Amino acid sequence: QVQLVESGGGLVQAGGSLRLSCAASGRTGSTYAMGWFRQAPGKEREFVAAINWSGGSTYYADSVKGRFTISRDNAKNTVHLQMNSLKPEDTAVYYCAAGLGRSYVYAGSYDHWGQGTQVTVSS
């Protein structure tokens, strides 16, 4: 089994920055695509960003392009989400995911999920 643990969430003011990290352990490897999703109260879980196994391709939701950056360190089995220029609408529980699928923007492409970390952006 693959275990994913997110960290780095917290409370920040609008315009601030936050860096989320996701550490993978167990039966995992660098061939996994990694993604970030988020879910706000009363809303469906939505795609945020993803990165392929090599780190050469990244994908972003339109709402976060230019503000968020996803990266991975395969040697450490970690993925990061650097979030800049945060907005109140970014407030949500952020989930890290790993999988072997190719449709990176869809939650169904991921087999393993973390427990989530709360990000709250105040105005």
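Here, every reference points to the structure presented above.
Everything in this summary refers to the structure shown in the same document. Everything quoted here is computed from the prediction, not taken from an experiment.

## Looking at the overall build of the protein chain
Moving on, step 1. Along its length, the protein chain carries zero helices and eleven strands.
Moving on, step 2. Ordered by position from the N terminus, the helices and strands of the protein chain form the series β-β-β-β-β-β-β-β-β-β-β.
Moving on, step 3. Its C-alpha atoms give the protein chain a radius of gyration of 13 Å, near enough to 14 Å, the size a compact globule of 123 residues would have.
Moving on, step 4. Along the first, second and third principal axes, the C-alpha atoms of the protein chain reach 40 × 25 × 25 Å.
Moving on, step 5. Evaluated residue by residue, the protein chain yields a buried proportion of 41% over its 123 residues.
Moving on, step 6. For the protein chain, restricting intrachain contacts to residue pairs at least 6 apart in sequence, the fraction spanning at least 24 positions comes to 56%.
Moving on, step 7. Split by element, the accessible area of the protein chain, about 6,400 Å² in all, is 46% carbon and sulfur.
Moving on, step 8. Across the protein chain, the 11 positively charged side chains and the 8 negatively charged ones have centroids separated by 5 Å.

## Topic: the pairing of strand E9 (residues 92–99)
Moving on, step 1. Where burial is concerned, most of E9 is hidden: seven out of the eight residues are buried.
Moving on, step 2. In this sheet, E9 lies alongside strand E4 (residues 33–39) in antiparallel orientation, the contact comprising seven bridges. When the sheet's bridge partners are listed, Gln39 is paired in E9 with Val93.
Moving on, step 3. Both E9 and strand E11 (residues 117–122) contribute to a ladder of three bridges, which runs antiparallel. What sits directly across from Val93, in E11, is Gln118.

## Some thoughts on the environment of Leu100
Moving on, step 1. Relative to the elements of secondary structure, Leu100 occurs in the loop between E9 and strand E10 (112–113).
Moving on, step 2. Between the alpha carbons of Leu100 and Asn52 there is a distance of 9.2 Å; along the sequence they are 48 residues apart.
Moving on, step 3. Those residues in contact with Leu100 that sit more than four places away from it in its chain are Thr31, Tyr32, Ser109 and Asp111.

## Describing the nonpolar core
Moving on, step 1. Core analysis: the largest hydrophobic core is formed by 35 residues, its most contacted members being Met34, Trp36, Leu81, Met83 and Tyr94.
Moving on, step 2. Listing elements by their share of this core, those giving two or more residues are strand E1 (2–7), strand E3 (18–26), E4, strand E5 (46–51), strand E7 (68–73), strand E8 (78–83), E9 and E11.
Moving on, step 3. If near-sequence neighbours (up to four positions away) are discounted, Tyr94 is found in contact with Glu6, Leu20, Trp36, Phe37, Arg38, Val48, Phe68, Leu81, Met83, Gly116, Thr117 and Val119.

## Quick look at the environment of Gly8
Moving on, step 1. Considering the arrangement of structural elements, one finds Gly8 in the loop between E1 and strand E2 (10–13).
Moving on, step 2. Each C-alpha atom, one on Gly8 and one on Cys22, is 8.9 Å from the other, the two residues being 14 residues apart in sequence.
Moving on, step 3. Non-local contacts of Gly8, meaning those with residues more than four positions away in its chain, are made with Leu18, Arg19 and Leu20.

## Topic: the state of the cysteines
Moving on, step 1. Across all of its chains, the model carries one disulfide by this definition.
Moving on, step 2. Across a sulfur-sulfur distance of 2.1 Å, Cys22 and Cys96 are joined as a disulfide pair. Between Cys22 and Cys96, the S-S dihedral sits near -80 degrees, and the bridge is therefore left-handed. Placement of Cys22 in strand E3 and of Cys96 in strand E9 is noted, with a sequence separation of 74 residues between them.
Moving on, step 3. A relative accessible area of 1% means that Cys22 is categorised as buried.

Rules used in this analysis
Within every chain, residues take consecutive numbers counted from 1 along the sequence as written. Given that this is a predicted model, residues contribute local features only at a pLDDT of at least 70 and side-chain atom pairs are listed and counted only at 80 or more, while totals for whole chains, interfaces and linings are drawn from all residues. Derived side-chain values reflect all non-hydrogen atoms in the structure, with water molecules and hydrogen atoms excluded from consideration. By the criteria applied, helices consist of DSSP H or I runs no shorter than four residues and strands consist of E runs no shorter than two, each listed in order from the N terminus. Both definitions apply: the radius of gyration is a C-alpha atom measure, and the globule rule equals 2.2 Å times residues to the power 0.38. Throughout this description, buried means an accessible area under 20% of the type-specific maximum (1.4 Å probe, protein chains only), exposed means over 50%, and partly exposed covers the range between. By definition, residues are in contact when any of their heavy atoms lie within 4.5 Å. For every accessible area listed, the method is Shrake-Rupley and the probe measures 1.4 Å; residues are considered covered only by the protein chains on display. The charged-residue count follows a simple rule in which Lys and Arg add positive charge and Asp and Glu add negative charge, with His and chain termini not counted at all. For the purpose of locating charges, the reference atoms are NZ of Lys, CZ of Arg, CG of Asp and CD of Glu. Being paired, for any two strands, means DSSP has found at least two bridges between them. Buried Ala, Val, Leu, Ile, Met, Phe, Trp, Tyr and Cys residues form a nonpolar core when they are joined through side-chain atoms within 4.5 Å. To count as a disulfide, a pair of cysteine sulfur atoms needs to be within 2.5 Å.

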